[in-house]
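Remarks on the overall topology
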There are 2 protein chains.
Amino acid sequence: MRPLTSEAGSAPIMVLVRPQMGENIGAAARAMLNFGLEHMRLVGPRDGWPNPAAVAMASGAGPVLDHAGVFADLPGALADCDYVYATTARARGLVKPVLTPEAAMDEARALIGAGKRVAVLFGPERAGLENEDVARANAIVTIPVNPAFYSLNLAQGVLLLAYEWIRRTGDTPLRQDGLAGTDFASAEEVEKLGDHLEDRLDAAGFFFPTQKAPGMKLNLRNMLTRWGLTRAEVQTLHGILRQLVRGPR
Amino acid sequence: MRPLTSEAGSAPIMVLVRPQMGENIGAAARAMLNFGLEHMRLVGPRDGWPNPAAVAMASGAGPVLDHAGVFADLPGALADCDYVYATTARARGLVKPVLTPEAAMDEARALIGAGKRVAVLFGPERAGLENEDVARANAIVTIPVNPAFYSLNLAQGVLLLAYEWIRRTGDTPLRQDGLAGTDFASAEEVEKLGDHLEDRLDAAGFFFPTQKAPGMKLNLRNMLTRWGLTRAEVQTLHGILRQLVRGPR
């Protein structure tokens, strides 16, 4: 059995309550592992455990299933958990805080940082969590779906919560400008390209009338620096200039 | 043909580039509609169009397919778009900004607010977008998946971007404390419950030794107000007190 790469308690535990189809359990394991979540628990899986259909669907996420805890009832699955979220589309008259996935995973991050063990409950495919399940949670998580159209399946629900967990851990840069390892041209290389361009255009009589030439040249220089040219692009542009002047072979 | 509920241009257009399986096109339509996105475009769908497998899978999201634009090539699909994001797992040496889904949908919201038309490209199931496709986009979106395990399918990619779109439109409250319409007990009702509790405990000799009674009573009162009791819970607690004192029938 391949070991997991993260410790129990370092991220939320995904608890599937009375899941029906093995395929969906396997798909949930994949959804989790996409975002680095590895700790799954199963409460009363309908078709027993282990489940070959789950294993077949899980594919590379097999270790998540291998290490999944299996429990006969929900209180058993939650015995060592400090804070529990129940994902449910409909709030059903139970008085509990209702959070978005974003707010819940934000809170979960703080709780886990304080050494608490956090679980997220997902109900069976058709009916979702029962009121009896939700009553054992500290808070409700509701995914903000279109009220006129709700068709999230079990793995998609797990996916969105796992995604929010990763998103809220904050170690992903929001935006990388340019790709890592891009070989940008130096200022000197851009300068020399500008010289080349200016020389060629000068020879072609481009800078006319003469009194406008300084302004035109300044605009060209500005344009070249604004582009954020790579070294390869500078070489390409040199070649273009040479070829345009030389004309067809 | 049922009409769509949103105008073209009011949200990002999801563009599926050379999608293969009809089922995945239908699943993408469902993923979109979960978060209120209705405008889909298809570029060169492998199995032609319309596609019965797509319609069967889309189920209630059929109108998204009915209204989908179908194009022979990507430039045609993007002709009226002002800003284009390409979703791709791997940055491939093209010099472009790389954004998280969050940052991209944030930007998209600002662009759409300024009257721009925004598109998001998704590649074919197996290979993803080609460099030729990505070169036609203004920016790259990369979903922050586990580098050791990537198994997002087409509909899941669409789902995460659609979810980010809705999340960033900001009209979902992050947290609702208590459910709407909860009938909380008034301070007077809680006070009377406290009186009832205190009387019963007094009669049972609970407040002992006498000099500690004031502090014990204060703690009980504080506990009752801290709970945020509903009217129904107050009635339940009155009943519990009565029954405990009365004993078994």
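Keep in mind it's a predicted model, so treat the numbers as computed, not measured.

Observations concerning the overall build of chain A
For chain A, the helix and strand inventory stands at 10 helices and eight strands. For 249 residues, the compact-globule estimate of 2.2 N^0.38 gives 18 Å, and the C-alpha radius of gyration of chain A, at 29 Å, exceeds that figure by more than 25%. The dimensions of chain A, computed from C-alpha atoms along their principal axes, are 85 × 40 × 40 Å. The burial tally for chain A puts 48% of its 249 residues in the buried class.

Details of the nonpolar core
In this structure, Met40 and Tyr85 of chain A together with Met40 and Tyr85 of chain B are the most contacted members of the largest nonpolar core, which totals 91 residues. Once you skip the residues sitting within four places of it in the chain, Met40 of chain B turns out to touch Ile13, Met14, Leu16, Ile25, Ala28, Ala29, Met32, Val64, Leu65, Ala68 and Gly69 of chain B.

Remarks on the side chain of Glu38 of chain B
Residue and element names in this part refer to chain B. Within the secondary structure, Glu38 sits in the loop between α1 (22–34) and β2 (40–43). Buried and unpaired, Glu38 has Arg2 as its nearest opposite-charge partner, separated by 8.5 Å. Engagement of the side chain of Glu38 in a polar contact is seen with the backbone nitrogen of Ser6, the distance being 2.7 Å.

Describing the pairing of strand β2 (residues 40–43) of chain A
All names here are of chain A. The alternating pattern of β2 places Met40 and Leu42 on one face and Arg41 and Val43 on the opposite face, and all of these are buried. Once you follow strand β1 (residues 13–17) into helix α1 (residues 22–34) and on to β2, the crossover reads as right-handed. Examined bridge by bridge, β2 and strand β3 (residues 69–71) share three bridges and lie parallel to one another. Along β3, the bridge assignment pairs Arg41 with Gly69.

Focus: the packing of aromatic side chains
The description of an aromatic ring pair uses the distance of the two centres, along with the angle that the planes make with each other. Within the structure shown, the criterion is met by seven aromatic pairs over all chains. An aromatic cluster of three or more residues is present, and its members are Phe35 and Tyr163 of chain A together with Phe35 and Tyr163 of chain B. One Lys or Arg, Lys217 of chain A, reaches over the ring of Phe207 of chain A and ends 4.9 Å from the middle of that ring.

With respect to the environment of Met1 of chain B
Residues and elements named next belong to chain B. Assignment of secondary structure puts Met1 in the segment before β1 (13–17). Linking Met1 and Glu164, residues 163 residues apart in sequence, is a C-alpha distance of 29 Å. With near-sequence residues (within four places) excluded, Met1 lies in contact with Asp66 and His67.

Examining the pattern of salt bridges
Scanning all chains against the criterion turns up 23 salt bridges over all chains. Between Arg167 of chain A and Glu164 of chain B there is a salt bridge; the shortest N-O distance is 3.5 Å. Taken together, the residues span two chains, with Arg167 of chain A in helix α7 (residues 154–169) and Glu164 of chain B in helix α7 (residues 154–169). Taking the relative accessible area as the measure of exposure, Glu164 of chain B reaches 0% and is therefore buried.

What about helix α5 (residues 101–113) of chain A?
Helical geometry note: an α-helix holds 3.6 residues per turn, so side chains three or four residues apart project in the same direction. Residue and element names in this part refer to chain A. Taking 1.5 Å per residue, 13 residues should reach 18 Å; α5 reaches 18 Å between its end C-alpha atoms and fits that length. If you check which residues of α5 are buried, you get Pro101, Glu102, Ala103, Ala104, Met105, Ala108, Leu111 and Ile112. Immediately downstream of α5, the backbone of Gly115 shows phi near 85°, a positive value.

Details of the environment of Ala213 of chain B
One can find Ala213 of chain B in helix α9 (residues 213–226). Spatially, the C-alpha atom of Ala213 of chain B lies 9.4 Å from that of Asp202 of chain B, the residues being 11 residues apart in sequence.

A short note on helix α8 (residues 187–203) of chain B
Residues and elements named next belong to chain B. Relative to the 24 Å expected for 17 residues at 1.5 Å per residue, α8 spans 24 Å between its end C-alpha atoms, a close match to the ideal helical length. Within α8 the residues assigned to the buried category are Val190, Leu193, Gly194, His196, Leu197, Glu198 and Leu201. Trailing α8 by a residue or two, Gly205 shows a phi angle of about 75°, which is positive.

Here's the deal with the confidence of the model for chain A
Put simply, chain A has an average pLDDT of 87, and 92% of its residues get 70 or more. Predicted confidence for residues 173–180 of chain A stays below pLDDT 50, and this span has 21 contacts to residues more than four positions away or in other chains.

Description of the packing of helix α8 (residues 187–203) of chain A against helix α10 (residues 231–246) of chain A
Residues and elements named next belong to chain A. Closest axis-to-axis distance for the α8/α10 pair is 10 Å, and the angle between their directions is 15°. As summarised for this structure, α8 and α10 are arranged roughly parallel, according to the angle between their axes. The two elements α8 and α10 cross, and the hand of that crossing is left-handed. On α10, the residues that touch Glu189, Lys192, Leu193, His196, Leu197 and Arg200 of α8 are Arg231, Val234, Leu237, His238, Leu241, Arg242 and Val245. Within the contact of α8 with α10, the residues separate by chemical class into six nonpolar, two polar and five charged.

Here's the deal with the pairing of β2 of chain B
Of the pairings in the sheet, the one linking β1 of chain B to β2 of chain B comprises four bridges and is parallel in character. In the strand pairing of β2 of chain B, Val15 of chain B is matched with Arg41 of chain B.

Calculation criteria
- Residues numbered from 1 in each chain as written.
- Chains lettered and ligands numbered in written order.
- Predicted model: local features only at pLDDT ≥ 70, side-chain atom pairs only at ≥ 80, totals over all residues.
- Heavy atoms only, no water.
- Helix = DSSP H or I, 4+ residues; strand = E, 2+ residues; numbered from the N terminus.
- Rg over C-alpha atoms; globule rule 2.2 N^0.38 Å.
- Buried < 20%, exposed > 50% of the residue type's maximum accessible area, 1.4 Å probe, protein only.
- Core = buried A, V, L, I, M, F, W, Y, C linked by side-chain atoms within 4.5 Å.
- Contact = heavy atoms within 4.5 Å.
- Lys, Arg positive; Asp, Glu negative; His and termini not counted.
- Salt bridge = Lys/Arg side-chain N within 4 Å of Asp/Glu carboxyl O.
- Polar contact = N/O pair within 3.5 Å; in protein donor to acceptor, adjacent residues only side chain to side chain.
- Right-handed = clockwise from strand over helix to strand, strands pointing away.
- Pairing = 2+ DSSP bridges.
- Phe/Tyr/Trp six-rings, centres within 6.5 Å; stacked < 30°, edge-to-face > 60°.
- Lys NZ or Arg CZ within 6 Å of the ring centre and 35° of its normal.
- Expected span 1.5 Å × (residues − 1).
- pLDDT = per-residue confidence, 0-100.
- Axes fitted to C-alpha atoms, helices over the stretch in contact; angles between N-to-C directions.
- Parallel < 35°, antiparallel > 145°, perpendicular 65-115°, else oblique.
- Left-handed = near helix turned anticlockwise from the far one by under 90°.
- Nonpolar A, V, L, I, M, F, W, Y, C, P; charged D, E, K, R; others polar.

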